[in-house]
Amino acid sequence: MPTYEYAPVEPPGCALCCYGFERMQHLDEAPLTQCPACGLAVRRVIGAPAVIVGQGHVLKEGNIARHGFSQYRRVGKGHYEKTTGDGPDSFGGPDTQD
Ligand SMILES: [Zn+2]
C-alpha cells in the first residue's frame, strides 16, 4: 500500500497536520479531504519533501545552503552534526558542558 502525504489547505492546522502527515491508503481509496484529528481541510501532497522551512517553503537538501540555511542531523543524545550550510560543524557533543 502506498503512503500518501497530506498537508493542511490553510496552515497552521493542528498538532497532527501542521507539518503534514502520512497515511497508508489503497490505490483505489479516495484521498482524505479532512484532517482526522481537527477536521480542517487537507490536500494530498505529491512526493515527500526533503525539508519544510517555514510555511510551505519546500527546499531540497542541496538548495538549503544556497538559501542560507544550515541543516543538522542528530548523531546522539543532544549531539548534532552539520550536513550542509555555513553553521558550526557540530554542536551539543559529549565534550559540551551545559
Ligand atoms: Zn489537523
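All of these numbers come straight from a predicted model, not from anything done at the bench.

Engineer: How would you summarise the pattern of salt bridges if you had to cite specific residues and measurements?
Structural biologist: Inspection of the entire model under this criterion finds two salt bridges. The partner of R73 in a salt bridge is E81, with the nearest N and O atoms 3.1 Å apart. Note on E81: relative accessible area 32%, which makes it partly exposed. Between K82 and D89 there is a salt bridge, and its shortest N-O distance comes to 3.4 Å. On the basis of relative accessibility, which here comes to 24%, the residue K82 falls in the partly exposed class. The exposed category is assigned to D89, whose relative accessible area is 59%.

Engineer: Describe the sheet that holds strand β6 (residues 71-76), with residues and values.
Structural biologist: The antiparallel open sheet is built from three strands, whose spatial order is β6-β7-β8. The sheet is open, and its two edges are formed by β6 and β8 (90-91), each paired on a single side. Bridging between β6 and strand β7 (residues 79-84) involves five bridges; their strand directions are antiparallel. Across the sheet, the residue bridging to R74 is Y80, located in β7.

Engineer: Can you tell me about the coordination of the zinc ion, naming the residues and giving the values?
Structural biologist: Protein coordination at the zinc ion: the donors are C14 (SG), C17 (SG), C35 (SG) and C38 (SG), at 2.3 Å from the metal. If you look at the zinc ion, its four donor atoms make angles of 106 to 113° with each other, and the shape they trace is tetrahedral. Along the chain, the residues donating to the zinc ion fall in the pattern C-x2-C-x17-C-x2-C. With C17 in the loop between β1 (3-8) and β2 (21-24) and C35 in the loop between β2 and β3 (42-45), the pair connects residues that are 18 residues apart, well separated along the chain. For the pair formed by C17 and C35, the shared burial category is buried.

Engineer: Please set out the sheet that holds β1 residue by residue, giving values where relevant.
Structural biologist: One open sheet accounts for three strands, arranged β2-β1-β3; its pairing is antiparallel. Looking at the sheet topology across the chains shown, the edges are occupied by β2 and β3. For this sheet, the mean inter-axis angle between neighbouring strands, taken without regard to orientation, is 40°. Here β1 pairs with β3 via four bridges, running antiparallel. Pairing of Y6 across the sheet is with R44, part of β3.

Engineer: Lay out the nonpolar core in plain terms, naming residues and giving numbers.
Structural biologist: One finds Y4, Y6, C14, C17, F21, C35 and V42 forming the largest nonpolar core, which totals seven residues. Excluding residues that lie within four positions of it along the chain, C35 makes contacts with C14, L16, C17, F21, L40 and V42.

Engineer: Would you mind going over the packing of aromatic side chains in detail, with residue names and values included?
Structural biologist: Counted under the stated rule, the structure contains one aromatic pair. With centroids separated by 5.7 Å and ring planes inclined at 20°, the aromatic side chains of Y6 and F21 adopt a geometry described as stacked. Note that Y6 is positioned in strand β1 and F21 in strand β2, a separation of 15 residues in sequence. Residue Y6 shares its accessibility class with F21, and that shared class is buried. In this arrangement the basic side chain of R44 is found over the ring face of Y4, its NZ or CZ atom lying 4.0 Å from the centre.

Analysis parameters
- Each chain has its residues counted from 1, running along the sequence as written.
- Residue-level local features of this predicted model are given only where pLDDT is at least 70; pairs of side-chain atoms are given and counted only at 80 or more, and the full residue set underlies all totals for whole chains, interfaces and linings.
- To obtain the side-chain values, all non-hydrogen atoms of the structure were included, while hydrogens and water were left out.
- A pair is scored as a salt bridge if a Lys or Arg side-chain nitrogen falls within 4 Å of a carboxyl oxygen belonging to Asp or Glu.
- Remark: exposure states derive from per-residue accessible area (1.4 Å probe, protein chains only) relative to the maximum for the residue type, with buried under 20%, exposed over 50%, and partly exposed in between.
- A pair of strands is considered paired only if DSSP assigns at least 2 bridges between the two.
- By definition, any uninterrupted DSSP run of H or I lasting at least four residues is a helix, any uninterrupted run of E lasting at least two residues is a strand, and each is numbered from the N terminus.
- Listed donors are limited to N, O and S atoms within 2.8 Å of the metal, widened to 3.2 Å for Na, K and Ca; water is not among them, so incomplete-looking sites are possible.
- Labels for metal geometry use angle windows, namely 85 to 135 degrees for all angles of a four-donor tetrahedral site, and for square planar (four donors) or octahedral (six donors) sites opposite donors over 155 degrees apart plus all others within 65 to 115; sites meeting none of these are irregular.
- Helix axes are fitted only over the stretch in contact, all axes being lines through C-alpha atoms; the angle between N-to-C directions runs from 0 to 180 degrees.
- Residues belong to a common nonpolar core when they are buried Ala, Val, Leu, Ile, Met, Phe, Trp, Tyr or Cys residues joined through side-chain atoms within 4.5 Å.
- The contact criterion used throughout is that any non-hydrogen atoms of two residues lie within 4.5 Å.
- The aromatic pairing rule takes the rings of Phe, Tyr and Trp, using the six-membered ring of Trp, and pairs them if the centres are within 6.5 Å, calling planes under 30 degrees apart stacked, those over 60 edge-to-face and the rest tilted.
- Charge-over-ring placement is defined geometrically: NZ (Lys) or CZ (Arg) within 6 Å of the ring centre, and within 35 degrees of the ring normal.

These results come straight from atomic positions and should not be treated as a statement about function.
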